[in-house]
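What follows is each chain in one-letter form.
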Amino acid sequence: MKGKPPAPFVTLAWIPHGAETVRAVRLPRAVWRALSLLALLAVLALPALGRTYWAALSRHKELQLQLARRQEEYRQLSLQLAASDQEMRSLAARLEALEQQLQRLAAANSDLRRALAAAPAGRTAGLPSGGPVSPATPGPGLFPAPRLAPPSPPASTARLRTRLVAVEAELERQRRELAELRQRVARFLDRQARTPAIWPAAGWLSSLFGPRRHPVTGQYEFHWGVDVAAAMGAPVVATAQGVVTLAGRLGSYGLTVVVDHGYGLRTLYAHLSRIRVRPGQWVARGEVLGMVGSTGLSTGPHVHYEVHREGRPVDPLPFLP
């Protein structure tokens, strides 16, 4: 016996809660089958969809974290850039100040060298160690005309630091050279101040250094100084600064003053009528030592003036202006 063919439609009926009427949906059997298949596929696809969703969600969170890190890196880079820019500005300002200071030091060095070169040395016993310096031939490494300028604009902080180190090294060298030049100038000025350079009294030369006939004894003998004739009682002054080593009578010299100037130089002032200083006293150039007289072996008022170098009398004329 043949079975009954399936109905072409399937009816789905349901009664809503609290309702009295029955609701129904009649659909073709093929539609129901398709819906059932779709429902089955949806159920089977749910795990894969869930995994895809969670993967996408995880990736989204990861991207958010990466974005946050990039933002933090950008902020740090911005801060570093601002700090680097500030450092470059500070380095540039410091470099400019150092280069200006270097120019001033180089100019001071050149001025000192010119002063040393221009200082009169004809009547001095010589310059201090090192001798005269010509401004046209500066010492090793000295800038004859520094022309440094701040960078504009600086290429990098590293190059600025390198240049700054070089300028600081040159500045330190210039400082040392300036200190050495100042010491040399101080020694030179001290030696000039201690070198006889003026007349011991206002008068005229009555006798020169060298052999002569003595005006009292009439015998030929060597005259170890020069005689400056002047009015009785006229002031006799120190021809350079120094320390009085003798102030009193000295044989035929009569009343005599001897001044030790250092550097192997001494001066002697004889035949004075009066002495105004005492042994051990420091005297400046032009300070009064005593008065013109004619004590000792003398024929009239004058001052007998001697210059001794390293213990030996030398001609005083080259020391007189």
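What you are looking at is a predicted structure, and each value in this text was computed from that prediction instead of being measured.

With respect to the packing of aromatic side chains
Phase 1: Inspection of every chain in the model, using the stated rule, returns four aromatic pairs.
Phase 2: Relative to Phe222, the ring of Phe209 lies with its centre 5.1 Å away and its plane at 85 degrees, an arrangement referred to as edge-to-face. Taken as a pair, Phe209 in the loop between strand S3 (204–207) and strand S4 (210–213) and Phe222 in strand S5 (residues 220–223) lie far apart in primary sequence, 13 residues in all.
Phase 3: Residue classification places Phe222 among the partly exposed positions, given a relative accessible area of 34%.
Phase 4: Aromatic pair Tyr269 and Tyr305: ring centres 5.4 Å apart, planes at 40 degrees, arrangement tilted. With a gap of 36 residues between them, Tyr269 in strand S10 (residues 265–275) and Tyr305 in strand S13 (residues 302–309) connect regions that are remote in the sequence. In terms of burial, Tyr269 and Tyr305 fall into one category: buried.
Phase 5: Counting every residue linked through ring pairs, the aromatic cluster contains Phe209, Phe222 and Trp224.

Things to note about the nonpolar core
Phase 1: One finds Val257, Val259, Tyr269, Val283, Leu289 and Val303 to be the most contacted residues of the largest nonpolar core, which totals 22 residues.
Phase 2: Elements with a minimum of two residues in this core: strand S6 (226–229), strand S9 (255–262), S10, strand S12 (288–292) and S13.
Phase 3: Once residues within four sequence positions are removed from consideration, Val257 is found in contact with Val244, Leu246, Ala247, Thr267, Leu268, Tyr269, Leu272, Ile275, Val277 and Leu289.
Phase 4: Counting residues in hydrophobic clusters, the runner-up holds 13 residues, among them Ala92, Leu105, Val167 and Leu178.

Some points on the pairing of S9
Phase 1: Counting buried positions over the eight residues of S9 gives six, a clear majority of the element.
Phase 2: Looking at chain direction, strand S8 (residues 242–249) and S9 are connected through six bridges and run antiparallel. Across the sheet, Gly248 pairs through a bridge with Thr256, a residue of S9.
Phase 3: Taken together, S8 and the strand that follows it, S9, pair antiparallel across an intervening segment of five residues, in which Gly251 is found at a positive phi of about 55 degrees.
Phase 4: For S9 and S10, the ladder comprises six bridges, and the chain directions are antiparallel. Within S10, the residue paired with Val259 across the bridge is Thr267.

What about the pattern of salt bridges?
Phase 1: Evaluation of the coordinates by the stated rule reveals four salt bridges.
Phase 2: Measuring nitrogen to oxygen at the nearest pair gives 3.6 Å for the salt bridge that ties Glu62 to Arg59. In this pair, Glu62 and Arg59 are both assigned in helix H1 (residues 29–118), three residues apart and thus about one turn of the helix distant.
Phase 3: Using a relative accessible area of 36% as the deciding quantity, one classes Glu62 as partly exposed.
Phase 4: With relative accessibility at 42%, the residue Arg59 sits in the partly exposed group.

Details of a nonpolar patch on the surface
Phase 1: Residues Val31, Leu35, Leu37, Leu38, Leu40, Leu41 and Leu44 make up a contiguous nonpolar surface patch of about 660 Å² in total accessible area.
Phase 2: As for its position among the elements, Leu41 is in helix H1.

Thoughts on the side chain of Gln281
Phase 1: Examined against the element boundaries, Gln281 turns out to sit in the loop between S10 and strand S11 (282–283).
Phase 2: Assessed through its relative accessible area of 16%, Gln281 is described here as buried.
Phase 3: Dropping the residues within four chain positions of it, Gln281 is found in contact with Gly242, Val243, Val244 and Glu287.

Observations concerning the environment of Glu306
Phase 1: By the element assignment, Glu306 lies in strand S13.
Phase 2: Of the residues examined, Glu306 reaches a relative accessible area of 2% and is grouped as buried.
Phase 3: It is 5.5 Å that separates the C-alpha atoms of Glu306 and Thr267, two residues lying 39 residues apart in sequence.
Phase 4: Dropping the residues within four chain positions of it, Glu306 is found in contact with Trp224, Gly225, Tyr253, Arg266, Thr267, Leu268 and Pro316.
Phase 5: Here His304 takes part through its side chain, which lies 2.6 Å from a polar atom of the side chain of Glu306.

Cut-offs and rules
Residues numbered from 1 in each chain as written. Predicted model: local features only at pLDDT ≥ 70, side-chain atom pairs only at ≥ 80, totals over all residues. Heavy atoms only, no water. Phe/Tyr/Trp six-rings, centres within 6.5 Å; stacked < 30°, edge-to-face > 60°. Helix = DSSP H or I, 4+ residues; strand = E, 2+ residues; numbered from the N terminus. Buried < 20%, exposed > 50% of the residue type's maximum accessible area, 1.4 Å probe, protein only. Core = buried A, V, L, I, M, F, W, Y, C linked by side-chain atoms within 4.5 Å. Contact = heavy atoms within 4.5 Å. Pairing = 2+ DSSP bridges. Salt bridge = Lys/Arg side-chain N within 4 Å of Asp/Glu carboxyl O. Patch = residues over 30% accessible without salt bridge, like charges linked within 9 Å, V, L, I, M, F, W, Y side chains within 5 Å. Areas by Shrake-Rupley, 256 points an atom, 1.4 Å probe, with all protein chains shown as cover. Polar contact = N/O pair within 3.5 Å; in protein donor to acceptor, adjacent residues only side chain to side chain.

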